[in-house]
Amino acid sequence: GYALSDLANNSVGAFDPVRASRAVDALLACMRTHKTTASVQIASFSFLRNLACELDHLTLIAKLGSIEVILSAMRSFKHDAALQEGGCALLGNLSCTNDAAYWSARGGVIVFMVDALLAAMSLFNENSQIQSAACIALGNIANMPDNAALVAKVGGAELVLSSMRAFLNNPTVQEEGCLALRNLTRGANVSVVGAAGGIAVVLAAMEAHKNNSRVQGEGCRALGLLARDTHNLGILMSLGGVRAIVAAMRAFKYDSSVQCRACWALLAIATQSRTSNVPGEIRALGGFSLAIAARQNFPQDDAIQLRARCLIWELS
């Protein structure tokens, strides 16, 4: 197991589809044969995760039945932190595949994946690595068609928020939590996340990690998505959401990711509340001038140019 993991880690590109298929088949057979040996399962997770870093191999691994074997191992060793962390991380990798035919034929597998991730988060609620890995996986799963409602229905949004509250000072958990919320706030879920305290949690993350551009960028995007609900928008304004987004733009004037997401968030907030004084508040806090600066600083970035231009128009 460890020899295979080392091989995949050092020469992933050496595995063409045929070799990768044979290696995965052999490994899954080994996992089934030694299903009561945790060390074999952990080493196999490591190999599969390294191999899954190659996009060409990702769908192949999923199609060969690896997810069912991974879930079986996670159920058998539910109290093994190393195995649960490896399993959550591997499910995060494999759920990146956008093969619609594969997932539509395996709806039941998605339910079991979510169950395994939530179980790991609940049992290891003091383990930041497991929380972060599970947030990534839940976010990826929620990004698939119709899955956001499923994840929210079984309490996924609440667990992500609980994780972010528990690990406020951990930037990785905060970033991955905001990413997961981005995908979870789809359709009716936007009100579910808002009612569970999502806006306050995102703002707390941004306040605790003012110097972390990734947390600021993902936080801006999450706030923009949450603001699509009228009730959420009122909460966001009362808690200083616009001020936090503007502060992120001001702190990271030359970070294209932050500027793009912040412009989009302010645009979403402004368009959601055209008949109120919210656009005026955005302008008073500096959003208008910062949007102009974003266009000047990133003249070749089409996304920033479009979003900033639309924001300027809304605030004019």
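Notes on the structure in this doc start here. (Residues numbered from 1 in each chain as written. Predicted model: local features only at pLDDT ≥ 70, side-chain atom pairs only at ≥ 80, totals over all residues. Heavy atoms only, no water.)

Some details on the overall build of the protein chain
Along the protein chain, the regular secondary structure elements total 21 helices and zero strands. Across the 316 residues that make up the protein chain, the buried fraction comes to 53%. Counting every atom, the protein chain has about 13,800 Å² of accessible surface; 53% of that belongs to carbon and sulfur. (Helix = DSSP H or I, 4+ residues; strand = E, 2+ residues; numbered from the N terminus. Buried < 20%, exposed > 50% of the residue type's maximum accessible area, 1.4 Å probe, protein only. Areas by Shrake-Rupley, 256 points an atom, 1.4 Å probe, with all protein chains shown as cover.)

Concerning the pattern of salt bridges
Following the criterion strictly, the structure yields four salt bridges and no others. A salt bridge links Arg221 to Glu218, with the nearest nitrogen and oxygen atoms 3.0 Å apart. Within this pair, Arg221 and its partner Glu218 are both found in helix H15 (residues 213–226), separated by three residues, close to a single helical turn. For the pair Arg221 and Glu218, a shared accessibility class is recorded, and that class is buried. Residue Glu218 is joined to Arg261 by a salt bridge in which the shortest nitrogen-to-oxygen separation is 2.6 Å. Taken as a pair, Glu218 in helix H15 and Arg261 in helix H18 (residues 256–272) lie far apart in primary sequence, 43 residues in all. The class of Glu218 is buried, set by a relative accessible area of 6%. Salt bridges here are not isolated pairs; linked through shared partners, they connect Glu218, Arg221 and Arg261. (Salt bridge = Lys/Arg side-chain N within 4 Å of Asp/Glu carboxyl O.)

Notes on the packing of H15 against helix H17 (residues 241–251)
As a packed pair, H15 and H17 sit with axes 10 Å apart at the nearest point and diverge in direction by 145 degrees. Considering how the two elements wind past one another, H15 and H17 form a crossing that is left-handed. Residue-level contacts link Gln216, Cys220 and Leu223 of H15 to Gly241, Ile245 and Ala248 of H17. Taken together, the residues that form the contact of H15 with H17 break down as four nonpolar, two polar and no charged. (Axes fitted to C-alpha atoms, helices over the stretch in contact; angles between N-to-C directions. Left-handed = near helix turned anticlockwise from the far one by under 90°. Contact = heavy atoms within 4.5 Å. Nonpolar A, V, L, I, M, F, W, Y, C, P; charged D, E, K, R; others polar.)

Things to note about the environment of Ser132
Relative to the helices and strands, Ser132 is located in helix H9 (residues 128–142). The contacts of Ser132, once residues within four sequence positions are left out, are Thr172, Val173 and Glu176.

Considering the side chain of Gln174
With respect to the helices, strands and loops of the structure, Gln174 is situated in helix H12 (residues 171–184). Residues in contact with Gln174, not counting those within four places in the same chain, are Met164, Phe167, Leu168, Ala205, His209 and Val215.

Things to note about the nonpolar core
Of all hydrophobic cores here, the largest spans 102 residues; its most connected members are Leu48, Leu91, Val242 and Ile269. Dropping the residues within four chain positions of it, Val242 is found in contact with Leu236, Met237, Leu266, Ile269, Ile282 and Leu285. (Core = buried A, V, L, I, M, F, W, Y, C linked by side-chain atoms within 4.5 Å.)

Considerations on the state of the cysteines
Evaluation of the coordinates by the stated rule reveals zero disulfides. This cysteine, Cys260, is not joined by any disulfide, and Cys263 carries the nearest cysteine sulfur, 7.3 Å off. For Cys260, a relative accessible area of 12% translates into the label buried. (Disulfide = S-S within 2.5 Å.)

Description of the packing of aromatic side chains
Enumeration according to the criterion identifies zero aromatic pairs in this entry. For the cation-ring pair, Arg283 lies above Phe288, with the distance from its terminal atom to the ring centre recorded as 4.0 Å. (Phe/Tyr/Trp six-rings, centres within 6.5 Å; stacked < 30°, edge-to-face > 60°. Lys NZ or Arg CZ within 6 Å of the ring centre and 35° of its normal.)

Things to note about the environment of Cys30
With respect to the helices and strands, Cys30 occurs in helix H2 (residues 17–33). Between the alpha carbons of Cys30 and Val40 there is a distance of 8.1 Å; along the sequence they are ten residues apart.

Considerations on the packing of helix H6 (residues 81–94) against H9
Running from N to C, H6 and H9 cross one another at 25 degrees; their axes reach a closest spacing of 8 Å. When the axis of H6 is compared with that of H9, the two are roughly parallel. Note on packing geometry: the crossing formed by H6 with H9 is left-handed. Contacts between H6 and H9 involve Ala81, Gln84, Glu85, Cys88, Ala89, Leu91 and Gly92 on the former and, on the latter, Gln129, Ile130, Ala133, Ala134, Ala137 and Asn140. The residue inventory of the contact of H6 with H9, partitioned by class, reads eight nonpolar, four polar and one charged. (Parallel < 35°, antiparallel > 145°, perpendicular 65-115°, else oblique.)

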